[in-house]
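Okay, here's what each chain looks like letter by letter:
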Amino acid sequence: MTTRLARGGRLIDRGAPLEFTFDGARLRGYQGDTLASALLANDRLLMGRSFKYHRPRGPVASGVEEPNALVNLGKGARAEPNCRATTTELFDGLAASSQNRWPSLDLDVGVVNDAMARFLPAGFYYKTFMFPRPFWKHLFEPVIRQSAGLGPAPKDRDADRYEQIHAVCDVLVAGGGVAGLTAALAAARSGARVMVLDQAPHWGGRAPVDGGEIDGKPVETWVNDALQALETLPNVVLRSRCMVAGVHDHGHVLAEERIADHSPGDGRPRRRLWRIRAGKVIAATGALERPLAFAGNDVPGVMLASAVRDYLVNWGVSPGDRTVIVTNNDDAYRTAIALRQAGLAVPAVLDARERAEGDLPQQARALGIRVETGKAIARVQGRKRVTGVQVCLQAGEGAVLEDIPCEAVAMSGGWSPVVHLWSHCGGKLLWDEAGAMFRPDPVHPPTGASGQPMVVCAGAAAGALRLGDCVTDAHLAAGGDGGAPAGAAPIEAPLAPVWVMPQGAPVAMRAKMWLDFQNDVKVSDIQLAAREGFTSVEHAKRYTTLGMATDQGKLSNINGLAVLSQALDEGVPQVGTTTFRPPYTPVAFGTLAGEARGPLFQPLRRTPMHDWHEGRGAHWEPVGLWRRPLAYPAPGESVEQATRREVLAVRQGAALLDASTLGKIVVKGPDAGRFLDMLYSNLMSTLAVGRCRYGLMLNEQGFVIDDGVVARLSEDTFLCHTTSGGADRIHAWMEDWLQCEWPDWQVFTANLTEHYGQIAVAGPKARALLETLGGMDVSAQALPFMGWAEGQIGGVPVRVYRISFTGELSFELAAPAGQALDLWRQLMAAGEALGVVPHGTGALHVLRAEKGFVIVGDETDGTVTPQDLNMGWAVSKTKADFIGKRGLERPALTDPDRWRLVGLETLDGSVLPEGAHAVADGVNANGQRKVQGRVTSTYHSPTLGRGIALGLVRRGPERLGEVLEFPTIGGALVKARIVDPVRYDKEGARQNV
Amino acid sequence: MSDPVTALNGARAQGYVTVTEAPPIGMITLRCRGDVGPALAGLNLPLPGQRRIETGAGGGVAWMSPDEWLILIPRDRVGAVLAGLAGALQDVPHLAVDVSDARAVLWLEGDKVREVIAKAAPVDMAPGVFEPGEVRRTRAGQIAVAFWMVDARTVELVCFRSVARYAFDLFATLSQPGAEVGLFD
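Not measured: the values here are computed from a predicted model. (Residues numbered from 1 in each chain as written. Chains lettered and ligands numbered in written order. Predicted model: local features only at pLDDT ≥ 70, side-chain atom pairs only at ≥ 80, totals over all residues.)

### Quick word on the overall build of chain A
The helix and strand tally for chain A stands at 27 helices and 52 strands. Principal axes of the C-alpha set define a box for chain A whose edges measure 115 × 65 × 55 Å. With 993 residues in all, chain A has 54% of them scored as buried. (Helix = DSSP H or I, 4+ residues; strand = E, 2+ residues; numbered from the N terminus. Buried ≥ 20, exposed ≤ 12 C-beta atoms within 10 Å, placed from the backbone.)

So, in structure tokens, the structure goes:
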């Protein structure tokens, strides 16, 4: 059984016991434990079930590469699935539960899949569930998803908060092991701004477990001294629990800091995303140990040799009384020695190599440990935990020489440098034959904006696995002056590449050799994929799901590649690796969202009258990021009823509209008229000071992109109104043309949209309302239609435009934003006797549709020309050029068959459905019914007492009186007659009084 | 004549950095490709260099782009300064316009004000890099802002009026106690 030893555990505080639960059982651990170490200390070796076969699984690793020990953490608003027990810090009250099992972890019905394993090879789903096709979506997939899968997605809103922060440094050191600290010291002493980030809560990486000396001091002492030295330097930032997730273009580095994962609910943000601009990244990310592929290497109790050592030294946890070591290298002997020194039994070290004469094997032998060279494991015995191993020859086919009873197996297949950060931006790798590993190719680094290398690997990440090489390499990688720290460790003999154990294993054995533990990918699956033609590593990966589990192939991708290369009879470098993509380990969605949730999810733009509207119970319409009142329903009134009432208020009395969201861009300069003549399709330079003119803006293709009224404020100054959603876009459009195309023109622009609150006063009583407040002459003589004037109304400075989008007598009052609400209130108060009400955009849309006025975005969709809108009059024939002029001349845009604007009236007076299409005879090449037009806007008109619509219809204006058929979603046909789009006051008499 | 009201009526939030909406001030956008130095000098206003903000007897001026400045003056001086600029620049193509009501101004105060700005804006806020006299025109969260340091623990930040509430809520949220980073301590 696994248990806590009486002594040892450099990371735990035995004076600080903690309580936690796993699947409801109350257990105890210590401050400094991970969930995995605490579970092992409580003899909870079984921590999960595999994805496909539901095999019982214990931890195989002790860090980020762990594929098995995934649990659900927390409950309700703090529930999170798929948390690695090996990197989850224990805290008092932690509640974890196991995943992918039913009814319990110990007794899992899904394990029937395991018995069927020989019928569930790689590609099983692809081959089996292809036909009949609809069955996949409706039958096969739901059933498969039910039986596979890991933790359930949380259902409640996340209780925690998250944030982001931006930082800049010259040198970013990823990893705070001995290589990272060496590099940080070297870089910091040169005066550079240095950040050192480590994913773990403690510094030093794994060197304190592996032992050795640096500068004559034990590694742990040296680490503490180095940390102290860095902490005193003002140019160094140290952050633990901060995982460098990815290196992106131009030295942009993302890192995730776990602030309160281990102290939930303490008021701190749970996690923080660091967005760092680094001049140079030093990836001191270490190396990860590889498993060996032997039959039964997934039985709980089989662990990486380094993990066994970690649990023992860091957390004082014994993997069992007897541990068999199986290895192809010297490093694993460290585990044998550590176990023996802790008083535990090591029945044998099975070394696949023919010779083991390095310092460490000799040391093991000196401790009386039995070392068997040329030997391998034929099979691990036991199901839910190891009970023993069968020994065979590595060179043979697995004939059993001996049974060794044991509780644990510590395996080591060598080490793979963590090259992820090097590779994210395109750094290339080379295959190191001696180390049987991919390591960074110094000749092909990832390059930054200047073309210079922007990432350098240091220490074990660069392939310098031995302590002495590691610190020397790190010192040089950081450009350190003077001598590097001197590391001293036992001399190690080379490893032997061993990808399958024994080398002649028959298929029955290969089908029980796990490569990807979480996704149940075995040696036999990779070999099958190769036989079936998936010879590209990227294809083999997707066919078998090798490396697609949550550990993303960290544990054993290299083993899979090597097996594939043997099956293809090619070298490992020829097969190559799959692509390393960020993030290094999963990053929470909350971290990426940061503070952007709830009220901060998206900026809400508010007009000066926003709160007034809210107080009045406005029903909102989103317009860009603005909210505009759609209508102001009175108590008991629906939005439709309110809209009808508001329409009639404008037609019969007067009503106010908050028009503040309209874009207002001032354009000034000697070339302003010339500039606007280019920007608008009609002529603006001839506009007289004091007058307004409606204009259309086109893009280069000739399509309408915006419209609005332009007022000439002075000889060289124009104010351009844009659509509500278009202000920023059109301002940018203007600046684009001025800065990139016509930099010699003397024109300046400023976006004054938000400087003004704008109030439209419309209706037959509008003038009377303004005169009630008084302050300026708004008579038809002083302020004629399409004119503007400046003055004061109600003591508020205003510019008043005589423009109308409703067809009624209308004034638009622009007041400074800080006084607009006051003016609005005065107008409402003064209008009480006149029956003045506020009206929303719902009424505005009906009013303008009755008049046949278009809205950019309703009647246009980016493919509509002025001629399509019957607005050829707004396209100048005299101007030499304007944006869109040549586009409009293209044959497709002058085609007489184009769909053009008309009014539509249903024969029965009903309201046409939004977006309905008018059908034509016949079907198109896709077998779809042909169409000849569509509804662009459709409303009930209270003024006319019937449904009205605007639409685009093929040759529409030539077909007045014709009846079209519009199928509805329900299948019924609605008939509508093509009519003049202007349904109300065709002469425009009402607006010009 | 009504008094202008600001977007947030002087709202205030007390976190580990205090966020306060400033009272109304006068702001003028000046755009010109000619030499505006003498015109500004005539109004006792300085001409700041690239990414700089400077204060003279007549008010402050912030560099906004190679042909744009933001003039910061008492609200009641806007008319006079506009008139002064119109006179001094009458032969130089330019645009000078009152934008006082288009903006909201926030004051952020506290020893850790630098890191609270860094949480929202992609700007190097390190001491020695960003100091009083520097101005940045950038984004905070999802909105456009400009800001500068008034002193070592105070940042003045300008945003568009319609998003004043977002800006205020953003910084109030980011400076909640418990979220201290200690990045520039």
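### Let's talk about the overall build of chain B
For chain B, the helix and strand inventory stands at four helices and 11 strands. Against the globule reference of 16 Å for 185 residues, chain B gives a C-alpha radius of gyration of 17 Å, in line with a compact fold. Taken along its principal axes, the extent of the C-alpha atoms in chain B is 55 × 40 × 25 Å. Taken across its 185 residues, chain B has 48% of its residues classed as buried. Contacts in chain B between residues far apart in sequence, at least 24 positions, make up 60% of those at least 6 positions apart. (Rg over C-alpha atoms; globule rule 2.2 N^0.38 Å. Contact = placed C-beta atoms within 7 Å.)

### Observations concerning the interface of chain A and chain B
At the junction of the two partners, chain A supplies 38 residues and chain B supplies 41 residues. Among the secondary structure elements, those contributing two or more residues to the side of chain A that touches chain B are β9 (162-174), β37 (663-668), β41 (748-751) and α24 (817-831) of chain A. Residue contributions to the side of chain A that touches chain B peak at six residues, all from β9 of chain A. Here the residues of the side of chain A that touches chain B sort into 18 nonpolar, 11 polar and nine charged. (Nonpolar A, V, L, I, M, F, W, Y, C, P; charged D, E, K, R; others polar.)

### Some points on the sheet that holds strand β18 (residues 302-304) of chain A
Residue and element names in this part refer to chain A. A sheet is described by the order of its strands in space; here five strands give the open sequence β18-β26-β20-β21-β22, paired in parallel fashion. With one partner strand each, in any of the chains shown, β18 and β22 (371-373) form the two edges of the open sheet. Sheet twist, expressed as the mean angle between neighbouring strand axes with direction ignored, is 20°. Where strand β20 (residues 323-327) lies against strand β21 (residues 349-351), three bridges are found, and the strand directions are parallel. Across the sheet, Val 326 pairs through a bridge with Leu 350, a residue of β21. (Pairing = 2+ DSSP bridges. Axes fitted to C-alpha atoms, helices over the stretch in contact; angles between N-to-C directions.)

### Focus on the domain arrangement of chain A
According to the domain assignment, chain A contains domain 1 (8-113), domain 2 (164-284 + 418-481), domain 3 (291-413 + 495-504), domain 4 (513-592), domain 5 (620-661 + 755-847) and domain 6 (663-754). Computed over C-alpha atoms only, the centres of domain 3 of chain A and domain 6 of chain A are separated by 78 Å. (Domains from an automatic or database assignment.)

### A word on the domain arrangement of chain B
Residues and elements named next belong to chain B. Assigned domains within chain B: domain 1 (12-23 + 102-174) and domain 2 (26-101). If you average the C-alpha positions of domain 1 and of domain 2, the two centres end up 23 Å apart. Tallying the contact residues gives 10 residues for domain 1 and nine residues for domain 2. The set of elements that each furnish at least two residues to the side of domain 1 that touches domain 2 consists of β9 (135-140) and β10 (143-151). Per-element accounting of the side of domain 1 that touches domain 2 gives the leading share, three residues, to β9.

### Thoughts on the packing of helix α9 (residues 333-341) of chain A against helix α10 (residues 359-366) of chain A
Residues and elements named next belong to chain A. For the pair α9 and α10, interaxial distance at closest approach is 9 Å and the crossing angle is 30°. Classified by the angle their axes make, α9 and α10 are roughly parallel. Considering how the two elements wind past one another, α9 and α10 form a crossing that is left-handed. Contact residues: α9 offers Tyr 333, Arg 334, Ala 336 and Ile 337, while α10 offers Leu 360, Pro 361, Gln 363 and Ala 364. Taken together, the residues of the contact of α9 with α10 break down into six nonpolar, one polar and one charged. (Parallel < 35°, antiparallel > 145°, perpendicular 65-115°, else oblique. Left-handed = near helix turned anticlockwise from the far one by under 90°.)

### Section: the nonpolar core
Ala 183, Ile 282, Ala 458 and Val 761 of chain A together with Ala 167 of chain B are the most contacted members of the largest nonpolar core, which has 352 residues in total. In this structure, Ala 167 of chain B is in contact with Ala 104, Leu 106, Ala 140, Ile 143, Val 145 and Cys 159 of chain B, ignoring residues within four places of it in sequence. (Core = buried A, V, L, I, M, F, W, Y, C linked by C-beta atoms within 7 Å.)

### Describing the sheet that holds β9 of chain B
All names here are of chain B. Read from one edge of the open sheet, six strands run β1-β2-β8-β11-β10-β9, paired in antiparallel fashion. Whereas interior strands pair on both sides, the edge strands pair on one side only; in this sheet they are β1 (12-14) and β9. The mean inter-strand angle of the sheet, taken between neighbouring strand axes irrespective of direction, is 25°. Sitting on the sheet, helix α4 (residues 164-174) touches β1, β2 (18-21), β8 (103-109), β9, β10 and β11 (154-160), and the angle it makes with β8 is about 10°.

### Considerations on the pairing of strand β2 (residues 13-22) of chain A
Residue and element names in this part refer to chain A. Here β2 pairs with strand β3 (residues 25-31) via seven bridges, running antiparallel. Bridged to Thr 21 within β3 is Arg 26. With antiparallel pairing between neighbouring strands as the criterion, β2 and β3 make up a hairpin whose turn holds two residues, including Asp 23 at a positive phi of roughly 50°. Where β2 lies against strand β8 (residues 94-98), three bridges are found, and the strand directions are parallel. In the strand pairing of β8, Phe 22 is matched with Ala 96.

### Here we look at α24 of chain A
Its 15 residues place the ends of α24 of chain A 21 Å apart at the C-alpha level, agreeing with the 21 Å of an ideal helix rising 1.5 Å per residue. Within α24 of chain A the residues assigned to the buried category are Ala 817, Gly 818, Gln 819, Ala 820, Leu 821, Asp 822, Leu 823, Trp 824, Leu 827 and Gly 831 of chain A. (Expected span 1.5 Å × (residues − 1).)

### Here we look at helix α20 (residues 639-652) of chain A
Every α-helix winds through 3.6 residues per turn, so residues three or four apart in the chain are directed the same way. Residues and elements named next belong to chain A. In this model, α20 (14 residues) spans 20 Å end to end at C-alpha, consistent with the 20 Å of a helix rising 1.5 Å per residue. Along α20, the residues classified as buried are Ala 642, Thr 643, Arg 644, Glu 646, Val 647, Ala 649, Val 650 and Arg 651. The inward-facing, buried residues of α20 abut β35 (626-631), β36 (655-658), β42 (756-762), β46 (837-838) and α25 (841-850).

### Comments concerning the pairing of strand β23 (residues 375-381) of chain A
All names here are of chain A. Counting buried positions along β23 gives six out of seven residues, so the element sits mostly inside the fold. Across six bridges, the pairing between β23 and strand β24 (residues 388-393) is antiparallel. Across the sheet, the residue bridging to Val 380 is Val 389, located in β24. What sits between β23 and β24 in their antiparallel hairpin is a turn of six residues, with Gly 382 showing a positive phi close to 110°.

### Overview of the environment of Lys 75 of chain A
By the secondary structure assignment, Lys 75 of chain A is in the loop between β6 (70-73) and β7 (80-84). Taking the C-alpha atoms as reference points, Lys 75 of chain A and Ser 97 of chain A, separated by 22 residues in sequence, lie 9.7 Å from one another.

### Examining the packing of helix α5 (residues 178-189) of chain A against helix α12 (residues 467-477) of chain A
Residues and elements named next belong to chain A. Running from N to C, α5 and α12 point in directions that differ by 35°, and their axes come no closer than 8 Å. α5 and α12 meet at a crossing whose hand is right-handed. Residues Val 178, Ala 179, Thr 182, Ala 183 and Ala 186 of α5 form the contact with α12, whose participating residues are Cys 470, Val 471, Ala 474, His 475 and Ala 477. Across the contact of α5 with α12, the residue classes break down as eight nonpolar, two polar and no charged.

### Let's talk about unusual backbone geometry
Residues and elements named next belong to chain A. Across the junction of Met 501 and Pro 502, the peptide omega takes the value -10°, indicating a cis bond. Residue position: Pro 502 is located in the loop between β31 (487-488) and α13 (507-510). Positive phi outside glycine occurs at Asp 520, with the angle close to 55°. By secondary structure assignment, the location of Asp 520 is in the loop between β32 (514-516) and β33 (521-522). For Asp 569, which is not glycine, the phi torsion reads 60° and is therefore positive. Mapped onto the elements of the fold, Asp 569 is located in the loop between α16 (557-568) and α17 (572-575).

### Here's the deal with the environment of Thr 387 of chain A
All names here are of chain A. On the secondary structure map, Thr 387 appears in the loop between β23 and β24. Here the alpha-carbon distance between Thr 387 and Gly 590, two residues 203 residues apart in the chain, equals 43 Å. Beyond its immediate chain neighbours, meaning those up to four positions away, Thr 387 contacts Gln 381, Gly 382 and Pro 405.

### As for the environment of Val 854 of chain A
All names here are of chain A. Inspection of the secondary structure puts Val 854 in the loop between α25 and α26 (885-888). Placed 824 residues apart in sequence, Val 854 and Tyr 30 show a C-alpha to C-alpha distance of 71 Å. Excluding residues that lie within four positions of it along the chain, Val 854 makes contacts with Glu 859, Leu 869 and Leu 901.

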